[in-house]
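If you want the building blocks of each chain, they are given just below.
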Amino acid sequence: MTADDDLTPRHRRLLFRALHRGTKECDLMLGGFVRRHLAALSPPELDELEAILEMPDVDLTDWLSGRRPIPEEAQGPLLARIVAEMARPGAGRAP
């Protein structure tokens, strides 16, 4: 990822929101993914990310950790990609 100064206002806002969710677990999992991949996300993926950021922390933490399946109405390609990355060993660690 480039330095925060190189990001567009939309990208900076999304990164901030992903890193400051309200729960440490979600900050690490979602924020870490966004920090690593934000620059490469397409406009439709950025739209999906904005929708993901509106979801409650409790639900996101359960979905990203695999404690509960993602309900059909919340499923999307980007969320599936985040869940898959979180299932890998060492995922969600602070950089």
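Residues numbered from 1 in each chain as written. Predicted model: local features only at pLDDT ≥ 70, side-chain atom pairs only at ≥ 80, totals over all residues. Heavy atoms only, no water.

### So, the nonpolar core
- Leu30 and Leu38 are the most contacted members of the largest nonpolar core, which has 25 residues in total.
- Per element, the largest residue contribution to this core is 5 residues, and it comes from helix α2 (residues 24–37). (Core = buried A, V, L, I, M, F, W, Y, C linked by side-chain atoms within 4.5 Å. Buried < 20%, exposed > 50% of the residue type's maximum accessible area, 1.4 Å probe, protein only. Helix = DSSP H or I, 4+ residues; strand = E, 2+ residues; numbered from the N terminus.)

### Comments concerning the packing of helix α1 (residues 9–19) against α2
- For the pair α1 and α2, interaxial distance at closest approach is 7 Å and the crossing angle is 155°. One finds that α1 runs roughly antiparallel with respect to α2. Only Cys26, Asp27, Leu30, Gly31, Val34 and Arg35 of α2 make contact with α1, whose side of the interface consists of Leu14, Leu15, Ala18 and Leu19.
- Residues that form the contact of α1 with α2 fall into these classes: 7 nonpolar, 1 polar and 2 charged. (Axes fitted to C-alpha atoms, helices over the stretch in contact; angles between N-to-C directions. Parallel < 35°, antiparallel > 145°, perpendicular 65-115°, else oblique. Contact = heavy atoms within 4.5 Å. Nonpolar A, V, L, I, M, F, W, Y, C, P; charged D, E, K, R; others polar.)

### Focus on the confidence of the model for the protein
- This prediction gives the protein a mean pLDDT of 89; 88% of its residues lie at or above 70.
- Mean pLDDT in the protein bottoms out at α2, which sits at 92, and peaks at helix α3 (residues 43–53), which reaches 97. (pLDDT = per-residue confidence, 0-100.)

### Observations concerning the environment of Ile82
- When you line up the elements, Ile82 lands in helix α5 (residues 77–86).
- According to the relative accessible area criterion, Ile82 is buried, its value standing at 0%.
- Spatially, the C-alpha atoms of Ile82 and Val34 are 9.0 Å apart, while their sequence positions differ by 48 residues.
- Excluding its chain neighbours within four sequence positions, the residues that come into contact with Ile82 are Leu30, Phe33, Ile52 and Leu64.

### Digging into the pattern of salt bridges
- All chains considered together, the criterion is met by 10 salt bridges.
- Ionic pairing is found between Asp47 and Arg10, a salt bridge with its closest N-O pair at 2.6 Å. A residue pair is termed long-range when its members are at least 10 positions apart, and Asp47 in helix α3 and Arg10 in helix α1 qualify at 37 residues.
- On the accessibility criterion, Asp47 (45% relative accessible area) is partly exposed.
- A salt bridge links Arg67 to Asp62; the nearest nitrogen and oxygen atoms lie 2.9 Å apart.
- Each of Arg10, Arg13, Asp47 and Glu50 takes part in a single network of salt bridges with overlapping partners. (Salt bridge = Lys/Arg side-chain N within 4 Å of Asp/Glu carboxyl O.)

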